[in-house]
Amino acid sequence: MTERITARRIFVLTGAGVSAESGLGTFRDRGGLWARFDPMTLATPEAFARDPETVLAFYDARRRAALAARPNAAHHALARAADRLAASGGRLFLCTQNVDDLHERAGSREVVHMHGELTRVRCTACGAGAEHRGDLAVGDRCAACNRAGCLRPDIVWFGEVPKHLDRIEAMLADSDLFVAAGTSGTVHPAAGFVAYARRRGIRTCALNLEPSGNADLFEETRTGPASRTVPDFFD
Ligand code: BV8
């Protein structure tokens, strides 16, 4: 049993399973997004260059679904845990693979989106980023440089470098507990965080509906829906 209450510097990695009970699709479950769509035709820069309308329509649909969804008990429990730890001199670093804003809407004050965010766009001409909560059309203009046709979702696609990796590594190295919640442990480099933690003697725990692809690397695994396992672990 991981003595969660003794951990002072917790690193939490969340994946699509944490948003599943809010009605947002996962990727690799039966009926998941990648079971219905080929990610290589939708979530790569090559796919966007080849067929921007289809890729933008895919992300418009996911953005609308994410904005219509509501945080669940897992999101709220993580926000409470971070506030409780901060009040007692500890910290909870929340790194998510998810591109929805449910952690923020549950009250998490700092969320590191290593795969980007549905509610942000980036200009491929001037590099400016901006919040964008509506649909995105091919001809939309960049508010910073006023060029048309240069905006893309601020999402990290396959083959692209995830965001904030230096900060993520530094925070993981300085943690005394690594918790992965709702992730299949399939996508790198996030899937490798548990091995990094084990090499440094950092305690590890997985909270997942079913054993993840890298479950054998975790000292402890608790199975069940995140809306139950996450509050049970952190409250
Ligand atoms: C990179 C944005 C170089 C798009 C995404 C090493 C080995 C093998 C492959 C690679 C490797 N290194 C790189 C690669 C290639 C690739 C990769 O990992 N491919 C895999 C598929 C084999 N990685 C990359 O291309 C990455 N880039 O490596 O650049 C580099 C790296 C570092 C430094 C310099 C250079 C970029 C990866 C990011 C791609 N973008 N998303 C979008 O969202 O549309 S990935 C996509 O998968 C999503 O972001 C998602 O978040 C992410 C991970 O998936 P999960 O969140 O885990 O979701 P999944 O459905 O898989 O699992 C859900 C889990 O929840 C399941 O286990 C299920 O049981 C559970 N669950 C379900 N319901 C519940 C639940 N749990 C609890 N409660 C429930 N109710």
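No experiment lies behind these values; they were computed from the predicted model shown.

Definitions and cut-offs
Residues numbered from 1 in each chain as written. Predicted model: local features only at pLDDT ≥ 70, side-chain atom pairs only at ≥ 80, totals over all residues. Heavy atoms only, no water. Pairing = 2+ DSSP bridges. Helix = DSSP H or I, 4+ residues; strand = E, 2+ residues; numbered from the N terminus. Axes fitted to C-alpha atoms, helices over the stretch in contact; angles between N-to-C directions. UniProt positions renumbered as here; feature names shortened; annotations may be inferred. Buried < 20%, exposed > 50% of the residue type's maximum accessible area, 1.4 Å probe, protein only. Contact = heavy atoms within 4.5 Å. 1 Å grid on protein atoms, 1.4 Å probe; cavity = no way out; pocket = protein on both sides within 12 Å on 5 of 7 lines; lining within 4 Å. Points joined across faces, edges and corners; volume = space filled by probe spheres on them. Nonpolar A, V, L, I, M, F, W, Y, C, P; charged D, E, K, R; others polar. Expected span 1.5 Å × (residues − 1). Polar contact = N/O pair within 3.5 Å; in protein donor to acceptor, adjacent residues only side chain to side chain.

Trainee: Help me understand the sheet that holds strand β6 (residues 151-155), please; the structure alone is not making it clear to me.
Mentor: Strand pairing within a sheet occurs via backbone hydrogen bonds; the two strands may be parallel or antiparallel. Judged by pairing direction, the sheet is antiparallel, and its three strands sit side by side in the order β5-β4-β6 without closing on themselves. Both edges of this open sheet fall to β5 (129-131) and β6, since each of them pairs with a single strand only. With strand direction ignored, the average angle separating the axes of adjacent strands in the sheet is 40°. Inspection of the sheet shows strand β4 (residues 116-123) paired to β6 by four bridges, in the antiparallel sense.

Trainee: Looking at this structure, how should I read the UniProt feature "active site" (unreviewed entry) in the protein?
Mentor: On the UniProt side, "active site" (unreviewed entry) is annotated at positions that read His115 here. By secondary structure assignment, the location of His115 is in the loop between β3 (111-113) and β4. His115 gets classed as buried once you look at its relative accessible area, which sits at 13%. When residues no more than four places from it in sequence are discounted, the contact partners of His115 are Thr96, Gln97, Val99, Ile155, Val156, Pro162 and Val187.

Trainee: Help me understand the environment of Ala226, please; the structure alone is not making it clear to me.
Mentor: Along the chain, the position of Ala226 falls in helix α9 (residues 226-234). Residues within four places of Ala226 in sequence aside, it is in contact with Gly17, Val18, Glu21, Ala74 and Pro231.

Trainee: In this structure, what is going on with empty space enclosed by the protein? I would like to understand it.
Mentor: Over the atoms rolls a probe the size of a water molecule, and its path tells where empty space is left. Evaluation of the coordinates by the stated rule reveals one cavity of 30 Å³ or more. Lining the largest cavity are 17 residues; nearest its centre among them are Ala180, Thr183, Gly185, Asn214 and Phe218. When contributions to the lining of the largest cavity are tallied by element, the ones reaching two or more residues are β7 (177-181), α8 (193-199) and β8 (203-208). It is β8 that provides the largest number of residues to the lining of the largest cavity, a total of three residues. Here the lining of the largest cavity is built from residues that sort into 10 nonpolar, seven polar and no charged.

Trainee: Would you mind showing me how to read unusual backbone geometry here?
Mentor: Negative phi characterises most residues that are not glycine, and trans characterises most peptide bonds. Between His188 and the following residue, Pro189, the backbone shows a cis peptide bond with an omega angle of 0°. Looking at where Pro189 falls in the secondary structure, it is placed in the loop between β7 and α8. In this structure, Asn146 is a non-glycine residue whose phi angle is positive, near 65°. In this fold, Asn146 is placed in the loop between β5 and β6. According to the relative accessible area criterion, Asn146 is partly exposed, its value standing at 48%. A positive phi angle, near 60°, is found at His164, a position not held by glycine. On the secondary structure map, His164 appears in the loop between β6 and α7 (165-173). For His164, a relative accessible area of 46% gives the class partly exposed.

Trainee: Any chance you could explain helix α5 (residues 73-87) here in plain terms?
Mentor: Because each turn of an α-helix spans 3.6 residues, side chains separated by three or four positions end up pointing in the same direction. Look at α5: 21 Å from first C-alpha to last across 15 residues, which is about the 21 Å you get at 1.5 Å a residue. All of the buried residues along α5 are Ala74, His75, Ala77, Leu78, Ala79, Ala81, Ala82 and Leu85. Buried residues in α5 make contact with β1 (9-14), α1 (16-20), β2 (91-96), α6 (102-105) and α9. Measuring from the backbone nitrogen of Ala74 back to the side-chain oxygen at the start of α5 gives 2.7 Å, which picks out Asn72 as the cap. Count one or two residues on from α5 and you reach Gly89, which has phi positive near 85°.

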